Amino acid sequence: STYQVGYFVGSLSSTSINRVLAQALINLAPADLEFTEIPIGTLPLYSPDFDADYPPEARALKDAIAASDAVLFITPEYNRSIPGALKNAIDWASRPWGQNSFDHVPAGVIGASVGQIGTAVAQQSLRGVLSFCNARQMTAPEAYIHFDPDAYVDGQVTDEGTADFLRGYISEFRDHVERVLTVLPRNA
Ligand code: FNR
């Protein structure tokens, strides 16, 4: 059997290094993980006024999470937190009250930055949000990626050490998803 992984890229940039990282991870992932991007760029800004009648983009977001066995966040750091677009998507998915899409969902967090600390502060912020949303996060290994553009060519990682690290991360994520789903089956 395979595990469906819905992934979020926290950046709306057309040249996002986090999207490059996402593609590299997908190419290094175990064969039984299948990846689908969950888009966040066309969502309106969340307001409780929508709770009675979600717009199509927000319904699609919640449906995509429901169809996923696990979620993976690949995000930049913006001003030592996560980008507003990603927080907005999480807020949409967490509502209406009582219909939190992340409840008990296996989740992973990773991100790339041109800066030296590799999105560490953003990831701590994201983990707090996902913790409140009751997602089942993989807490180790952590992955703070200092992005070297020369190490990525056409979705492949040319630097062997980086490739080994990312392969290990996504392999551990697969095992985490399997462990969580053993006690908390989804889409059964
Ligand atoms: C940044 N950047 C950044 N980098 C970082 O390491 N820590 C930070 O707090 C910030 N803050 C920040 C705020 C804003 C508004 C922008 C636009 C950028 C730099 C950031 O890491 C860089 O732009 C990456 O390329 C963003 O990732 P994507 O969009 O390329 O995936």
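Note that residues are indexed from 1 along each chain, following the sequence as it is written. Residue-level local features of this predicted model are given only where pLDDT is at least 70; pairs of side-chain atoms are given and counted only at 80 or more, and the full residue set underlies all totals for whole chains, interfaces and linings. Only hydrogens and water are set aside when side-chain values are computed; all heavy atoms of the structure are taken into account.

## Side note on the packing of aromatic side chains
Next up, step 1: The criterion for an aromatic pair is that two Phe, Tyr or Trp rings (for Trp, the six-membered ring) have centres within 6.5 Å, with stacked assigned to planes under 30 degrees apart, edge-to-face to planes over 60 apart and tilted to the rest. Applying the stated rule across the entire model yields eight aromatic pairs.
Next up, step 2: Between tyrosine 54 and tryptophan 92, the aromatic rings sit 4.8 Å apart at their centres with planes inclined by 85°, giving edge-to-face as the arrangement. Of this pair, tyrosine 54 sits in the loop between strand E2 (33–37) and helix H2 (56–66) while tryptophan 92 sits in helix H3 (residues 84–93), placing them 38 residues apart in sequence. Summarising the burial analysis for this pair, tyrosine 54 and tryptophan 92 share the class buried.
Next up, step 3: With centroids separated by 4.6 Å and ring planes inclined at 15°, the aromatic side chains of phenylalanine 147 and tyrosine 152 adopt a geometry described as stacked. A single burial state applies to phenylalanine 147 and to tyrosine 152, both of which are buried. Secondary structure elements are taken from DSSP: a helix is a run of H or I of four residues or more, a strand is a run of E of two residues or more, and numbering for both begins at the N terminus. The buried label goes to any residue with under 20% of its type's maximum accessible area, the exposed label to any with over 50%, and the partly exposed label to all in between, with areas taken from a 1.4 Å probe on protein chains only.

## Re the pairing of E2
Next up, step 1: Should DSSP find at least two bridges between two strands, the strands are taken to pair. Examined bridge by bridge, strand E1 (residues 3–9) and E2 share five bridges and lie parallel to one another. Considered in E2, the bridge of valine 5 is made with phenylalanine 35.
Next up, step 2: The parallel pair E1 and E2 is bridged by helix H1 (residues 17–28), and the resulting crossover is right-handed. The crossover handedness rule: strands pointing away from the viewer, path from first strand over the helix to second strand clockwise, crossover right-handed.

## Notes on helix H4 (residues 120–132)
Next up, step 1: Helix span, expected: 1.5 Å multiplied by one less than the number of residues in the helix. Across its 13 residues, H4 extends 19 Å between first and last C-alpha, which sits within 8% of the 18 Å expected from 1.5 Å per residue.
Next up, step 2: Ala120, Ala122, Gln123, Leu126, Arg127, Val129 and Leu130 are the residues of H4 that are buried.
Next up, step 3: The contact rule is simple, with two residues in contact once any of their heavy atoms fall within 4.5 Å. Tucked inside the fold, the buried residues of H4 contact strand E3 (70–74), H3, strand E4 (106–113), strand E5 (136–137) and strand E6 (144–146).
Next up, step 4: Just downstream of H4, asparagine 134 is the residue with a positive phi angle, here 65°.

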